Amino acid sequence: MMKKFILFCISCLIILTGCSSIPGPVEESYLLDKTPAESEKINTLEQKIIEKNKERQTVEKRLKEISPLAPQTEEELKLLKKENAALKEMVNFYSQNKDAVNLEKKNKELKENEELIEQKTNLFNYQKAETEMTQANLDLKSAELNLLVAELNYEKSKIAARNREKQGDPGNQGGGNFFTNLFSKPDPDDKYGYKKYENYYKKQQEELTKAEKKFKESEKKFLEAKAAFDSKNLNK
């Protein structure tokens, strides 16, 4: 019972995070008669969904931890650049007035400031790339989770269709009045209205492919930013 509740909560989470087009659950009354193989497959998928949701939550937690870092570094950079502009004006002033003592002092401060700007810029690029990669990873975990839920519902729809067929359930082929048939003709290949589960499953496969591509691209940018950041720190 607890497992079913957890799966229900996960389904609600998916809906709240942007997948409002997900089809509703397959009626449980049509799923009572399952073969041992089908029961094992359903149980395996349900366990995978719970585990994948844990993975997603771990990445989501990491994203919340690192998201504030790049904006903070960016604010520090803005202050350093303002200081840089002021130092350049002072260097120019002491140079024009041939004040060698103060000029040397401000040139030293300017050099230190520019080195710090370079370090902070590399740090900002690293933090920003890590945040973008982690967001892409969260999107990937969400896509993987959505696919598992879609696969579970698709497998359930196949079981339900078989059981209804066995019971002689006519589905949407059982008639209807003149007006409903006039404006909504039943699909002979989808008499139980379950094709939506297969279509949604295929759509989530496409969404997963997109998420995988986006993650790989962001991971590449992150590794490049990390290499630049590490090289500067090693050379200090």
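Keep in mind that this is a model prediction, so the values were computed, not measured.

(A) Highlighting the packing of helix α3 (residues 69-96) against helix α4 (residues 100-166). Axis separation between α3 and α4 bottoms out at 9 Å; the angle between their running directions is 160°. The pairing of α3 with α4 is recorded here as roughly antiparallel in orientation. Where α3 crosses over α4, the handedness of that crossing is left-handed. Looking at the contact of α3 with α4 residue by residue, the class counts come to 14 nonpolar, eight polar and ten charged.

(B) Here's a closer look at unusual backbone geometry. For K98, which is not a glycine, the phi torsion comes out positive at approximately 50°. By the secondary structure assignment, K98 is in the loop between α3 and α4. Note on K98: relative accessible area 73%, which makes it exposed.

(C) Geometry of the pattern of salt bridges. According to the stated counting rule, one finds 22 salt bridges in the structure shown. For the salt bridge of E130 with R62, the shortest nitrogen-to-oxygen distance reads 2.8 Å. Taken as a pair, E130 in helix α4 and R62 in helix α2 (residues 36-66) lie far apart in primary sequence, 68 residues in all. According to the relative accessible area criterion, E130 is buried, its value standing at 12%. By relative accessible area, R62 is classed as partly exposed at 38%. Among the salt bridges present, the one from E76 reaches K120, with a minimum N-O distance of 2.6 Å.

(D) Main features of the side chain of N137. By secondary structure assignment, the location of N137 is in helix α4. Judged by relative accessible area, N137 falls into the buried class, the value being 18%. In contact with N137, other than residues within four places in its own chain, are V59 and F215.

(E) Representation of the confidence of the model for the protein chain in the model. In this model, the protein chain carries a mean pLDDT of 89, and residues with pLDDT of at least 70 account for 84%. Model confidence for the protein chain, summarised as mean pLDDT per element, is weakest for helix α5 (residues 178-183) at 50 and strongest for α3 at 98.

(F) Layout of the environment of Q119. With respect to the element layout, Q119 can be found in helix α4. Given the relative accessible area of 32%, Q119 is considered partly exposed.

(G) Looking closely at the side chain of N122. Note that N122 resides in helix α4. Take N122: its relative accessible area is 13%, and that puts it in the buried class. Not counting residues within four places of it along the chain, the set of residues in contact with N122 comprises F229 and K232.

(H) Looking closely at the environment of E217. Within the secondary structure, E217 is located in helix α6 (residues 195-234). You can call E217 partly exposed: its relative accessible area is 43%. In the structure, E217 is positioned 84 residues away from M133 in sequence and 8.4 Å away in space, judged by C-alpha atoms.

Rules and cut-offs
- Residues numbered from 1 in each chain as written.
- Predicted model: local features only at pLDDT ≥ 70, side-chain atom pairs only at ≥ 80, totals over all residues.
- Heavy atoms only, no water.
- Axes fitted to C-alpha atoms, helices over the stretch in contact; angles between N-to-C directions.
- Helix = DSSP H or I, 4+ residues; strand = E, 2+ residues; numbered from the N terminus.
- Parallel < 35°, antiparallel > 145°, perpendicular 65-115°, else oblique.
- Left-handed = near helix turned anticlockwise from the far one by under 90°.
- Nonpolar A, V, L, I, M, F, W, Y, C, P; charged D, E, K, R; others polar.
- Buried < 20%, exposed > 50% of the residue type's maximum accessible area, 1.4 Å probe, protein only.
- Salt bridge = Lys/Arg side-chain N within 4 Å of Asp/Glu carboxyl O.
- Contact = heavy atoms within 4.5 Å.
- pLDDT = per-residue confidence, 0-100.

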